[in-house]
Each structure stands twice: as C-alpha cells, then as structure tokens.
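A look at the structure
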Amino acid sequence: MPRWGMVIDLDRCTACQACVVACKAENNIPFSSPKEAGRRRIISWMRVLPMMEGEYPNLRERFIPRPCMHCDNPPCVKVCPVGATYKNKEGLIAQVYTQCIGCRYCTNNCPYTLKYFNWFRPEWPEEMENYLNPDVSIRSKGVVEKCTFCHHRLQKAREKARAENRELKEEDYIPACVQTCPTDAIYFGDLDDSKSKVAQLARSPRAFRLLEELGTEPKVYYLSEGEWHG
Amino acid sequence: MGLKRRDFLKIIGGSALSFSLYDCSTKNYLSPIREKEWSPKVEEWIQSVCFACPGGCGILGRVVDGKLVKIEGNPAHPINRGKLCPVGQASLQVLYSPDRIKGPMKKIGGKDSSKWQSISWEEAMETLVSKLKELRNAGDSHKLVLLNGGNRGILSEIFDRFMKVFGSPNHFRYDFYNSLTQAYYLTQGIDELLAYDFENSNYILSFGSSFLTSWPSPVQSMRAYAFLRQGRPGKKAKIAQIEPRFSIAACRADKWIPIEPGTEGLLALGIAYVLIKERLYDRNFIEKFTFGFEDWEDEDGNSHYGYKNLVSERYRLDFVSETTGVSVDDIVTLAKDFAMNKPAIAILDHNATNYSNGLYNALAIHSLNALIGSIDVPGGVLVQRKVPLQELPKISVDEATKMNLSQPAIDSPEEGQFPLATSTPSLIPENILKGKPYPVNLAFICKANPLFSSPNSEKYRKAFEKIPFIVSFSSFMDESTLYADLVLPDKTYLEKWQYAESSPVSKTPAIGIGKPIVENLFNAKPTEDVILEAAQRMGSSFASHFPWKNSKDFLLYKIDTLFRARKGIIFSDPFEETQLKLLEERGWWVPQFTSASEFKAELMQKGGWWDPAYSFGQRSFVFRTPSRKFEFYSQLFVKRIEKIAEQIGENREDKKDVIFNQLNFESRGDDFFMAHYEKPQFEGDKKEFPLYLYIYQPFSLTNEYEANQPWFQEIMGFHLNMNWDSWAEINPHTASELGIADNDLIWIESVHGKVRVKAKIYSGAMPDVVSVPFGLGHRALGQWAKNRGINPIDLIGANFDQLTGLAMKLSTRVKIYRA
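Residues numbered from 1 in each chain as written. Chains lettered and ligands numbered in written order. Predicted model: local features only at pLDDT ≥ 70, side-chain atom pairs only at ≥ 80, totals over all residues.

Right, let's talk about the overall build of chain B for a bit. For chain B, the count of helices and strands is 30 helices and 30 strands. Relative to the compact-globule value of 28 Å for 819 residues, chain B shows a C-alpha radius of gyration of 28 Å, a close match. Taken along its principal axes, the extent of the C-alpha atoms in chain B is 90 × 85 × 70 Å. Of the contacts formed within chain B by residues at least 6 apart in sequence, a portion of 72% connects residues at least 24 apart. (Helix = DSSP H or I, 4+ residues; strand = E, 2+ residues; numbered from the N terminus. Rg over C-alpha atoms; globule rule 2.2 N^0.38 Å. Contact = placed C-beta atoms within 7 Å.)

What follows covers the nonpolar core. In this structure, Ile186(A), Ala268(B), Leu269(B), Ile271(B), Ala272(B) and Val770(B) are the most contacted members of the largest nonpolar core, which totals 312 residues. Considering every element that reaches this core, the biggest residue donor is helix α11 (residues 264-277) of chain B, with 10 residues. The residues that make up this core include at least three from each of domain 2 (105-177 + 390-490 + 525-555) and domain 3 (691-818) of chain B. Here Ile186(A) is in contact with Met6(A), Ile8(A), Cys19(A), Cys177(A), Val178(A) and Cys181(A), once residues within four sequence places are set aside. (Core = buried A, V, L, I, M, F, W, Y, C linked by C-beta atoms within 7 Å. Buried ≥ 20, exposed ≤ 12 C-beta atoms within 10 Å, placed from the backbone. Domains from an automatic or database assignment.)

With that settled, consider the interface of chain B and chain A. Between chain B and chain A, the contact holds 66 residues from the first and 66 residues from the second. Put simply, the parts of the chain that give the side of chain B that touches chain A at least two residues each are α1 (5-13), α2 (15-19), α3 (23-26), β3 (67-73), α4 (86-89), α9 (218-231), α10 (248-252) and α29 (710-715) of chain B. Among the elements that make up the side of chain B that touches chain A, the one with the highest residue count is α9(B) (seven residues). Considering only residue class, the side of chain B that touches chain A consists of 34 nonpolar, 16 polar and 16 charged. (Nonpolar A, V, L, I, M, F, W, Y, C, P; charged D, E, K, R; others polar.)

A few words on the sheet that holds β3(B). Residue and element names in this part refer to chain B. One open sheet accounts for three strands, arranged β1-β2-β3; its pairing is antiparallel. Bordering the open sheet on either side are β1 (43-49) and β3, each of which pairs with just one other strand. Strand after strand, the sheet turns through a mean of 30° between neighbouring axes, direction not considered. Bridge analysis of β1 against strand β2 (residues 58-64) gives seven bridges, and the strand direction is antiparallel. Residue pairing across strands places Trp45 opposite Arg62, the latter belonging to β2. (Pairing = 2+ DSSP bridges. Axes fitted to C-alpha atoms, helices over the stretch in contact; angles between N-to-C directions.)

Residue and element names in this part refer to chain B. Between the first and last C-alpha of α11 there are 20 Å, a value that for 14 residues agrees with the 20 Å anticipated at 1.5 Å per step. With respect to burial, α11 is a largely interior element, 13 of its 14 residues being buried. Just downstream of α11, Arg279 is the residue with a positive phi angle, here 55°. (Expected span 1.5 Å × (residues − 1).)

A separate point is the packing of helix α6 (residues 121-137) of chain B against helix α21 (residues 527-537) of chain B. All names here are of chain B. Put simply, α6 and α21 touch, their axes get as near as 10 Å, and they point 55° apart. By the angle class used here, α6 and α21 are oblique. As for the relative orientation of α6 and α21, their crossing is right-handed in sense. Contacts between α6 and α21 involve Met125, Leu128, Val129 and Leu132 on the former and, on the latter, Glu533, Ala534 and Arg537. (Parallel < 35°, antiparallel > 145°, perpendicular 65-115°, else oblique. Left-handed = near helix turned anticlockwise from the far one by under 90°.)

A few words on the pairing of strand β25 (residues 691-696) of chain B. All names here are of chain B. Across the six residues that make up β25, a large majority, six, are buried. Taking every second residue as pointing to the same face, both faces of β25 are buried, with Leu691, Leu693 and Ile695 on one and Tyr692, Tyr694 and Tyr696 on the other. Where β25 and strand β30 (residues 813-818) come together, two bridges link them in antiparallel fashion. Bridge pairing in β30 places Tyr692 opposite Arg813. As paired strands, β25 and strand β29 (residues 769-773) are joined by five bridges and run parallel to one another. Looking at β29, one finds that Tyr692 is bridged to Val769.

Further remarks concern the pairing of strand β2 (residues 47-55) of chain A. All names here are of chain A. Pairing of β2 with strand β3 (residues 58-66) involves nine bridges; the strand directions are antiparallel. Bridging from a neighbouring strand, Val48 pairs with Pro65 of β3. Between β2 and β3, which pair antiparallel in sequence order, lie two residues.

Turning our attention to the confidence of the model for chain B. Residues and elements named next belong to chain B. Scored by pLDDT, chain B has a mean of 90; 94% of the residues are at 70 or more. Ignoring residues within four places in sequence, the model shows residues 8-35, a span with pLDDT below 50, making 48 contacts including any to other chains. Across the interfaces of the predicted complex, the ipTM metric reaches 0.96, alongside a pTM of 0.92. (pLDDT = per-residue confidence, 0-100.)

Moving on: the sheet that holds strand β19 (residues 486-487) of chain B. Residue and element names in this part refer to chain B. Ordered by their spatial adjacency, seven strands build an open sheet running β5-β4-β19-β18-β17-β6-β7, and the pairing between neighbours is mixed. Here the strands that pair on one side only, and so sit at the sheet edges, are β5 (115-118) and β7 (171-173). With respect to the sheet, helix α7 (residues 153-166) is in contact with β6 (144-148) and β7, its orientation differing from that of β6 by roughly 165°.

This part covers the packing of α7(B) against α21(B). Residue and element names in this part refer to chain B. Across the interface, α7 lies against α21 with an axial gap of 9 Å and an inter-helix angle of 25°. The angle between α7 and α21 falls in the class roughly parallel. By crossing handedness, the relation of α7 to α21 is classed as left-handed. Contacts from Ile154, Leu155, Ile158, Phe159 and Phe162 in α7 reach Thr527, Glu528, Ile531, Leu532 and Ala535 in α21.

Glycine aside, the phi torsion of most residues is negative, and most peptide linkages are trans. The omega torsion across Tyr56(A) and Pro57(A) is -5°, close enough to zero to call that bond cis. Relative to the assigned elements, Pro57(A) resides in the loop between β2 and β3. In this structure, the amide linkage connecting Lys436(B) to the following residue, Pro437(B), adopts the cis form with an omega of -10°. Tracing the backbone shows Pro437(B) in the loop between α18 (428-434) and β17 (442-446). A positive phi angle, near 70°, is found at Asn743(B), a position not held by glycine. Among the structural elements, Asn743(B) can be located in the loop between α30 (732-737) and β27 (745-750). One non-glycine residue with positive phi stands out, namely Asn787(B), at about 55°. Positionally, Asn787(B) belongs in the loop between β29 and β30. What makes Asn787(B) exposed here is the crowd of 10 C-beta atoms within 10 Å.

Below, the structure written as structure tokens:
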C-alpha cells in the first residue's frame, strides 16, 4: 500500500496562490461573502500562511502553503464521536460528510487549524454551477470538510489503471495544487517507496514538518530555504 | 470477535463515498444544487491559449458534457510547461460570471439614462454599420476613435487594419511599459520590451520590478525563479530587490533594499560609480559595443562629455546614499555582487518609471547592463526574434481616406510637448473636451476601462458624455461601458479562435493556437467576427481588404508562413526540442513535414509552434542605433529633439530651448541625452502631505476582471489577512506616531481628494510610504466588484511623464489620519 505524502519546497514557492485557486476550482469549494469572511468563515483547503520575522528594514518573510497534513497520528480522528473522520489504509485522512454531525470537535483539535466547518449553505449563481466539478460532491451546511489530497483523482487513476490492466503508477495520481504549481514547489507521491522523489526529499537535511513536537506525524514535509553563498 | 464500530462505519461509508461522492449518488440527498437530469459524463480536454495576461500560456480545458469545469496548463507549451498561475486558473469565474452581458443592447432614453434594451445581432450590426457609413460618407472617418486596452493577437490586427481602411488615425492602446520601451529604444534602437535570460543568470538586481507577480509573463518568470533557487545544484542565483515596499519579489529575494520612491535611477548611478571607480566594468564590451562611455568628439570637432566622467564626477556615494536612503555599504555590496557574479542582469518594470524622471530611471538602470556587458550574452538581456507570421496584404485606399488617415490623432500633444511620446492616450479626454484638433463623433471601447484606471477619470466621463455615439465591446458592464450607446458583448478568450504569441520578455518566440473550449454560452459574439462582418457590410472596396470569413480563417492565414520559415518546431517532446535547438544553433534545420497541409494539421493538433534556438552575436539586430552599438549617449534622442525643434520654427538652437523649458528638468547639455539623475517631482507639499503614496498591483488584481471574481476577493490580501476590501499598508512607527492602530479606518488625503480605507500595520512599509493596492473600488463591473474597497487612482491627478506623456501613478504625496 502506498503511503501518500507531500513535500513543499519553500525555496521555490513564490506565494502566487495558484494552488489555492486550483484547489477551490477542483473541489467545488464555495466562496464566501464579505460578511462570512468577516467572521473568518472562508473555506480554503489550501492556504498560504505568511510568516514575517524581524523588524523594518531587516525582514524575512516565509510563505507556507498548507493543505491538510494527513497526519499519521491524527488528532482530529481521535475526537470524532461518530467516526466521520478516519485514517484509511493509504494513510489519507478521510471525511465522511454524510456521517458528520457538525460537532466541530475535530476542527478544534486540529493543531494546524486546517479543518473547515460549513457555516453557510454553499451556493453558486446559476451560471457558475456550470463549472462545478462533477467528480466532487457538494457539502451541505453544518458539516466539516478539508483537503482530501484530491482523493477523487486517485479513484479515477485507479479505475483507469484497472481498465488498462496495469498497476497504478505514482505519476497517475496528482492533486490539483501539485499539477498547477508554476514553480514545481509541491511534490507528491508515495513516502514508503524509497525511490520516489518525495521519499528522497523528505530525508533531505532541509526537510521539516510543522509542529513536529506534537507527535502528530504529518505527511506534509517542508523544505526550508538555504542561505545564498556565492 | 465482533465488528468494531469504526470498521462498521468504514463499510457503510466506503472510501468512494467518503471523499467524492460521484455525481449520480449525490444529487438526491447531499447536493444543495438544484436537480438536473442525470446524464452520462462525457469528458474531453480541449487545447487553447490563455489571454488573461500577455504571457500567452498554453492551456487545456477539461470539458464535461459541454461545460468547462477546470483549466490546466498545457504540458506541451514551452512557456508554461503544464503549469498555470491563479489568474489562468480562475478564468472559470470570468467565463461563467453571472455579470456577463448576455447579448447586444442599446441604450434607450438618451445619454444620461441607464436603461438598456436587448436587441438582436442583426439590429446591432445595422446600427453599427449605419453609424460607420454615416461618418465615412460625410468625409469624417478620422473622427472615429478606438480605445483598445491591450488587445493582442487576432483582434488587435483586425482592429488595426479596420481603422486604416476606414481612414482613422485614432487607434489607441494603453501601455504601462512605455517609459521602459523608450529607454530600450534610445539605447538600443528597439521599440519594445527586451527579454531577460533569467535561467542562465547568477545575479538579479531588480529595481522594483514585480517579476513574480504582475509581470508580462509571470508563469515563465516564476519557473525561472524556481530554477535559479533549486534547479541548478550547487549554483544558486542571488536576487536583490530594491523597492519602497516589501513586495512578494522583495520577500523572495535574498536582500530587500528599501529606497525613497523615485530615486531608483540614482541608486543605479551610484552602483555605476562603484563599478567605474573600482574598474569592475567590462572593458572589452564597453570598447567594442558601446558609444559615449569615454569623452568623445563629434564630426564638427565639438567635444562631448562621456558617461564615465558624468558618473564619476556627479554621483559620489555620500550624495547617492543621502538621497536614496540606501547606506553606502549596501551600495558597494550591490555593485560588487552585481559585477562579480556574472552573468548578472539589472531588471525593472513600470514601478521604477512611474515618476516624472521615469525615463531617466530606466536609462540609468539599463545602462548597468551595458556596463558589465550583459547584453546579448547568456544570462543577460536578449532580444526576441518574432514568430514569422504572415503579413497582411497591402492596403490601398482612396485619396479621401488617405487624407483622413494623415490627420493628426486626437491624442496629439502641444507643439514640443512630450518629445518622446509615440502616443499619449492620457491627453485624449482633454482634447475631446476641447474639440481639438477636431471633434470626435464615434468611439469604440474594447477591453479598455479608462473611467476606472485613468487618473483623469472625471475628464474621461465628461468626454464620454460629449461623444455623440459610443460602442462598447466589453463582456461586462464596467464603468466605461455605462456611457456606451450600443453594447456588442465580446466572448471571453475561452470561447474564441485565437493565437497568442509569447510576450517579448520571453527569449524564445512561441505561438499557441486556441480553439473555442465552450460554445453557445450567452448571446455574445467574438468582436473579431463582428468587425469582419462590419467590414463586409461597408461596401465592396472596403470588404476586399478583409478576405477572411471569420477569425478562424484569419488565424489560418496568419500561420501559413510558419511552414516555410525554415526554423522552429511544432510543440513536441523535450527530446526533439533539444535536438532541434542544438542543430539550429549550429546552423542546421531539418524539416519535419513534406507538405504545408500536413504541417498545418499537426500544428492545429499539437497547439502551437516555437523556436527554441537563440542566435547570439547578431549585432545589427541587437543594436539598431546609428552607431550600431549600445549608446550611453543616445543619438536617437538627439535626433528626436532636433526633429521636433525643426517642426516648431526656424531658429533651431532657440527652439530647442523651447522644448527644454517645457520639460522642467535641470539638465540642458549632453547629460540630457544620457542616463542621469533628475529630482522626481511629487504633487503635494511635503509639509502638508508628508507621505508618499505607493500604488501597487497584487497578483490577484492584475487584470480588469479579477475584482469581480470571488476567489480573488478571498485571497488578494493574504499577507495581511485582508479580504473583500481595500487596505493601506503603514509602517508601525509611523502608525504609532499618528495614533493609528491595526484595522482602524483612516483617511488618505491628497490634493486631489481623499479615500477612507482600513489601515494595516505592516513592517514591510517604509516609514514615509503608504502603500495601497490597485484594482478595487469599482463603481460598476459586477456584483462582487461594485462598491467594494477604494480606488487609489482617485487620489492622483493627471500628471504626465514630461518626456513620454505617460501618466505617473506614483508621483503623489498624501497625509493620513484616523477617520
């Protein structure tokens, strides 16, 4: 079984947010209104977190694109009273929308704050319903959602591989953010396959994970920027 | 052992159901979307090109049952290689925007009314053609004006031809980069943007250029950036960003150097000073390929000042440091890094030229490239060879049309004003109001929205009210279209036949072919086809100039020459491309196809053509100046001034002074024609208005539609956690001095007006600069853009670059106080 994971090279990222928009388009994420946004209810499975250090004029800013970390030891799963969120065999953290009762225990327990509650009914003007992705369901008000690593793409890739009577290859399955990233800053693949790019990068001396000390074992790795030496 | 509760849930949830309930299973109980008939999903991928910016990326549209549900980059396209920026991704929200104009409309109830009536395309075409005929029959064809907001490709060519055959000299394009292209023209004789060979560079000295955001080809420059950072093991390029704001480019650079607005050119001269004093410049290049570096004598025996002496006498580092606010240490480090990490490039864009001294800033910065010999070398400044498209047939028009064509355009400046201007669209409203040089009877607006983006928008409004009939081809009811009498809505680029050439900032020429991805959405028509049809209806001699049935026909005509170009390759796999590049650079070329029809079929199928090879050392192509060298002392500039002086009157020397006097510059002598420092002029007294207003464009607000795309409203201010509203970035010290806290509402006031906006305390703001994003504050356009945020353009007046006539957006001082 593959163990899907992601490596994001912060040295390549330019914070253009193509991943953010691609994710919104791919996953039928409803857009907010100024009112809902004012209450911090924007849903964005992929978010770029700016982190500024220093004082004017000696500043350093880091941009951290954050999808669901798909932790190997997921705190959100432990608190779900109805099993609506669980870790599947490939290590992906699933969210069963029909099962979710909207208690938001998981959103509160996620140390990365990457689970989102549907505070408002997702609605699109009639014309915009045309662009909705038929592969991804629309969530209803009152349930929690989050990044799925574009799991529907995995399903399609599997079906295709099966139809072609072959094994699934790593490159068959690419999440939307990875596909669009102009700087190739995001890598995706099987962390358990020692030959894969992600497994190699995850072992790089530049690699780190967010809030590693909590023991959540996230499957999203980051590569820090190195200093320039001429 | 019984079934565990969790296992049970897994079974009933099922992994398929858990994430992505397939369409058929969701409609009934999950989806709040209204019921539609279920149909088997037919998926296809359609190839096209992106027109959301000038980059010209290749795209693939994922179409399911005739609906476009996702846009991805086309992996075969050499500009973006399968990648796409957020603007391209979000074009879905333009295509399917509920605010699009659904069909042709005419205004009823006179100019001031806001009532519209839907009409048929037949009626619309008849109205359009009758207005055109009326004008032409009266012999007034020059009184037609076309305001063209940066259209490219087919539409731009058809419009251009239409105006020429019709007999109007009034085809205007809005071009931000004018001061920069002028600098290239004066030094190298090239009248367009030059390409930067980022990938092979080791050091990038960026003077305020937004090369990671609102750049002419952002995906390409972002890819180059990533390559410089992590693409060449052991060889990482260094980037220094010099800008009055801690922008994205500054965040991603190795070093950010805050600089007093408008003094970018002076810093470049300071760097030149170090290069000259320390003898770090490229002596070989200077000797062979430049003119005017050392003092020189002209044919009449007059001696002239050289760039070397000009710089070393005038720009001592203490003066430069004091004026720019950059420490002497930093200047020396920048200069040394720049000269000792070759190949290096000094780059800039409109951010460094939006001042009264903008052209001189550009000259000073570009001169640095010549100093270290970074022109026409790998990793330096290059000149793109154009895609060899077929020229349009020659136009032969009657005498009356020729007469009208030779009329002065309505953007004509006063005698001697704006000596370097090729076109000064900023003068249009004033001239229309004055009826100068003649009144305007008919105006076309296409993708231009001067009522939103021009500093003299109030004048534009009055001018629009004065024009008897205005036709807008906009897809949205924007500020300018509100003043139209007839609206013929254009289709979006996703619904048209198109070709997109790569922007001139790309070193390799490429052309992508676009097919309509979606058809039959709304009752809109491609403006290309509308103009071609209008031409057909204008009578047989007029129509004979337009032998193309529609835009697709025109496209096929244009690409006809590619087969015979004897260079380049249809998009293919990287191996073949590399092979061809190697051959071509050694003077070989192997044809892939035996017949033109075979070639064309493959071209249409693969989606484009490009030429990966770059030929270095074609001197007369790179330096098109009188000396065939890079000119520190611009002889083209001298010629231009002399020519204008001649037009003014008889006594030449004296008349030159007329020009100089108008210019409000300090220099009069040789230095006038060289890079040097002129003090930037700001509007507003320093005592009353202590802060500089710095207007910038976030990536999420770079084109005209983005403010009306909810996705961008959510992400545009991510670095300050702002969304759905404008903000002003203020330095923490300045804010505490003024008693302003984060999220306070403040007034920003200039001599021209004031706006109320949310204050954001930002360490990346200089103490005397307040930065405001441009792109919000629409009064029309659509439901998400209208009355949201503020338009900083309201704060600035109509100030023009004295030489190029370009509006200067950064030349205003403001004060801020709590609202």
